[in-house]
Amino acid sequence: MDININYIKELSEIIQLATYKRKPERYEYVYYLLCKKLETDIKKYNYCLFENNKCIAQRENEKWPKNKLDGCCFNISKKERCEYLSDKNCEINCVSCRLFTCKYLKRRGINFDVKKNVLVKYCMNLLQVREFIWNFFTPKDRILKNINRLKIRK
Ligand code: SF4
Ligand code: SF4
């Protein structure tokens, strides 16, 4: 039953995607859907198991993240808490952060391979997919701008 519901949902998303004639609209739709799905899963499964501002990897003294609080919402190059973290919430809609899972979670089988997502496969090239993955601490508008700039090779 679940499989059928997921299949129908995926099909309706593909149909919706096809209604957008302009590529920027398609990218924005895929961005929106991915973030929505990932956020729903994060809330539903509570992978990071935060307690007193420490995620499970921090509480178990993993080698990474090096910072002691706020999980991986920490800008390593600036050596400070991410500027977009406000009252335990992310102020921007950064798809790269949503897609990220640390080694601790990966060892437990928690990973999201964006390259396997049917909508991503349908409308994005590899360079654009890289923009989705490697733009941590970056607001949605900037990521979409980068994606739109890249030449379409599909
Ligand atoms: S992804 Fe890993 S490091 Fe980041 S908050 Fe979750 S458990 Fe912590
Ligand atoms: S941008 Fe990323 S690192 Fe910063 S608060 Fe949002 S989710 Fe955390």
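Below you will find a few notes about this structure. (Residues numbered from 1 in each chain as written. Chains lettered and ligands numbered in written order. Predicted model: local features only at pLDDT ≥ 70, side-chain atom pairs only at ≥ 80, totals over all residues. Heavy atoms only, no water.)

Take the overall build of the protein chain next. Helices and strands together make up the secondary structure of the protein chain, namely eight helices and four strands. In sequence order, the protein chain lays out its α and β elements as α-α-α-β-β-β-β-α-α-α-α-α. By the compact-globule yardstick of 15 Å for 154 residues, the protein chain fits well, its C-alpha radius of gyration being 17 Å. With respect to the principal axes defined by its C-alpha atoms, the protein chain has extents near 45 × 40 × 25 Å. Of all intrachain contacts in the protein chain linking residues separated by at least 6 positions in sequence, the fraction that spans at least 24 positions is 56%. Accessible surface, the protein chain as shown: approximately 10,800 Å² in total, 54% of it carbon and sulfur. (Helix = DSSP H or I, 4+ residues; strand = E, 2+ residues; numbered from the N terminus. Rg over C-alpha atoms; globule rule 2.2 N^0.38 Å. Contact = heavy atoms within 4.5 Å. Areas by Shrake-Rupley, 256 points an atom, 1.4 Å probe, with all protein chains shown as cover.)

Before going further, it helps to spend a moment on the site of ligand 2. Around ligand 2, a shell composed of Cys73, Cys82, Tyr84, Leu85, Cys90, Ile92, Cys97, Arg98 and Phe137 is seen. Each residue belonging to the shell around ligand 2 can be placed in one class, and the counts come to eight nonpolar, no polar and one charged. (Near = heavy atom within 4 Å. Nonpolar A, V, L, I, M, F, W, Y, C, P; charged D, E, K, R; others polar.)

This brings us to a positive patch on the surface. There is a patch of like positive charges on the surface, built from Lys63, Lys66, Lys68, Lys103 and Lys106. Looking at the secondary structure, you find lysine 103 in helix α5 (residues 103–107). Judged by its relative accessible area of 67%, lysine 103 is exposed. (Patch = residues over 30% accessible without salt bridge, like charges linked within 9 Å, V, L, I, M, F, W, Y side chains within 5 Å. Salt bridge = Lys/Arg side-chain N within 4 Å of Asp/Glu carboxyl O. Lys, Arg positive; Asp, Glu negative; His and termini not counted. Charge placed at Lys NZ, Arg CZ, Asp CG, Glu CD. Buried < 20%, exposed > 50% of the residue type's maximum accessible area, 1.4 Å probe, protein only.)

Applying the stated criterion across every chain yields a total of seven aromatic pairs. Each ring, one from tyrosine 20 and one from tyrosine 29, has its centre 5.3 Å from the other, and the planes form 45 degrees; the classification is tilted. Residue class for tyrosine 20 comes out partly exposed when judged on its relative accessible area of 25%. Between phenylalanine 136 and phenylalanine 137 the ring centres are 6.5 Å apart and the planes differ by 65 degrees, which places this aromatic pair in the edge-to-face class. Taken together, the aromatic side chains of Trp64, Phe100, Trp134, Phe136 and Phe137 make up a single cluster linked through ring pairs. When the ring centre of phenylalanine 100 is taken as origin, the NZ or CZ atom of lysine 106, which lies over that ring, is 5.9 Å away. Sitting over the ring of tyrosine 104, arginine 108 keeps its end group 3.7 Å from the ring centre. (Phe/Tyr/Trp six-rings, centres within 6.5 Å; stacked < 30°, edge-to-face > 60°. Lys NZ or Arg CZ within 6 Å of the ring centre and 35° of its normal.)

What follows covers the site of ligand 1. Near ligand 1, the surroundings consist of Cys48, Phe50, Cys55, Ile56, Trp64, Pro65, Gly71, Cys72, Cys102 and Leu105. Looking at the shell around ligand 1, its residues break down into nine nonpolar, one polar and no charged.

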